[in-house]
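Summary of the model geometry
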Amino acid sequence: MAKRKRSQKAPENESGASNTLLPQKKHYRQRAHANPFSDHTLDYPSCPANLDWETHYPAFAGTGKSPEFADVGCGFGGLLIALAPMFPDVLMLGMEIRVQVTQYVEDRITALRATSSVTTLSGATTETPNAYQNVSVVRANAMKFLPNYFPKHSLSALFFLFPDPHFKQRKHKARIISPTLLAEYAYAMRPGGIVYTITDVLDLHQWMKAHLDDFPLFQAVDEETLRAEGKGPIVDAVYTSTEEGKKVERNKGEKWLACYRRIEIPRD
């Protein structure tokens, strides 16, 4: 797979914001990947109860709401920006370990909140007051601290889009899908919630699928079923909204999607 570029041109015409208001990626240079096992300097809550979500979502202050969608390794925030206007009452959180990339997403959200128009996946622009108030980002290592952010059964959607493939076998332990991590994801997800994975690396797709198939609390669900349930817009965003997804399309590469539903095993 081609090495990811360190600086790219900022997305154009994603909202009514002017080009001078939207942040430019060239000012946020960052390595393509970060080692999740390194001791990064991170501020994280000791438990979800100690999080003040109102600082992230001030428009929802007093509602008691917490994030329901989580994008792990959100990159430049393409999925969050695509989904935010589709589900204006659902709080969404991006988790990104890289400093400059996290700052870019934060600045991007701030700029988009200052506008009142949004552009849909189809390219249509509509006036939407208070747009993007339901989306935020944190710098976090989800492999270590995801349970510090999300209470039990709080998430209805969890996204792993074009994650680092860690090609070398000795680095497979750093892949974002593993039996240990799946136990944490299952804890945070509510029954009926969906895990969305997509990659352009067949080996990684097979790895994630095999581990999810083997985990008793997740059950495979096909794309057709998800679309029949009204989740088509989410599936479309998973395919097309991220920088990596767009790059794969430009290079005429393949994408492999695998989705799983969080199930509940009845107690005897």
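Keep in mind that what you see is a predicted model, and the values were worked out from it rather than measured.

**As for the overall build of the protein chain**
- What the protein chain contains, in helices and strands, is eight helices and nine strands.
- Counting only residues that meet the buried cut, the protein chain has 50% of its 268 residues in that class.
- Sequence separation of at least 24 residues holds for 78% of the intrachain contacts in the protein chain that already meet a minimum separation of 6.
- Within the structure as shown, the protein chain displays about 13200 Å² of accessible surface, and the carbon and sulfur contribution to it stands at 49%.

**Considerations on the UniProt feature "binding site: S-adenosyl-L-methionine" (unreviewed entry) in the protein chain**
- Sites flagged by UniProt as "binding site: S-adenosyl-L-methionine" (unreviewed entry) map to G73, E96, I97, N141, A142, L161, T242, E243 and E244.
- Within the element layout of this structure, I97 appears in the loop between β2 (92-96) and α2 (99-113).
- What makes I97 buried here is its relative accessible area of 14%.
- Position of A142 relative to the elements: it lies in helix α3 (residues 142-145).
- Setting aside chain neighbours within four positions, we find A142 in contact with V72, M95 and E184.

**Brief notes about the packing of aromatic side chains**
- Using the criterion set out here, one finds nine aromatic pairs in the structure.
- Taken together, a centroid distance of 5.5 Å and an interplanar angle of 65° make the contact between F69 and F87 edge-to-face. Taken as a pair, F69 in strand β1 (residues 69-72) and F87 in the loop between α1 (78-83) and β2 lie far apart in primary sequence, 18 residues in all.
- In this structure F69 comes out as buried when scored by relative accessible area, which is 7%.
- Look at F87 and you get partly exposed, because its relative accessible area is 24%.
- Centre to centre, the rings of F76 and Y104 are 5.4 Å apart; their planes meet at 85°, and the pair counts as edge-to-face. Placement of F76 in the loop between β1 and α1 and of Y104 in helix α2 is noted, with a sequence separation of 28 residues between them. Per residue, the accessibility class of F76 equals that of Y104, and both read buried.
- One aromatic cluster in this structure is built from F69, F87, F159 and Y196.
- The ring of W207 has R175 sitting right over it, with the charged end atom 4.9 Å from the ring centre.

**Topic: the UniProt feature "active site" (unreviewed entry) in the protein chain**
- Mapped onto the present numbering, the UniProt feature "active site" (unreviewed entry) falls on D164.
- Only 3.1 Å separates the side chain of D164 from the backbone nitrogen of H166, close enough to count as a polar contact.

**Brief notes about the sheet that holds strand β5 (residues 135-139)**
- Taken in spatial order, the seven strands of this open sheet run β5-β2-β1-β6-β7-β9-β8, and their pairing is mixed. Of all strands in the sheet, those bounded by a partner on one side alone are β5 and β8 (218-221). The average undirected angle you get between the axes of adjacent strands in this sheet is 20°.
- In this sheet, β5 lies alongside β2 in parallel orientation, the contact comprising five bridges. Following the sheet pairing, E96 is matched in β5 by R139.

Rules used throughout
- Residues numbered from 1 in each chain as written.
- Predicted model: local features only at pLDDT ≥ 70, side-chain atom pairs only at ≥ 80, totals over all residues.
- Heavy atoms only, no water.
- Helix = DSSP H or I, 4+ residues; strand = E, 2+ residues; numbered from the N terminus.
- Buried < 20%, exposed > 50% of the residue type's maximum accessible area, 1.4 Å probe, protein only.
- Contact = heavy atoms within 4.5 Å.
- Areas by Shrake-Rupley, 256 points an atom, 1.4 Å probe, with all protein chains shown as cover.
- UniProt positions renumbered as here; feature names shortened; annotations may be inferred.
- Phe/Tyr/Trp six-rings, centres within 6.5 Å; stacked < 30°, edge-to-face > 60°.
- Lys NZ or Arg CZ within 6 Å of the ring centre and 35° of its normal.
- Polar contact = N/O pair within 3.5 Å; in protein donor to acceptor, adjacent residues only side chain to side chain.
- Pairing = 2+ DSSP bridges.
- Axes fitted to C-alpha atoms, helices over the stretch in contact; angles between N-to-C directions.

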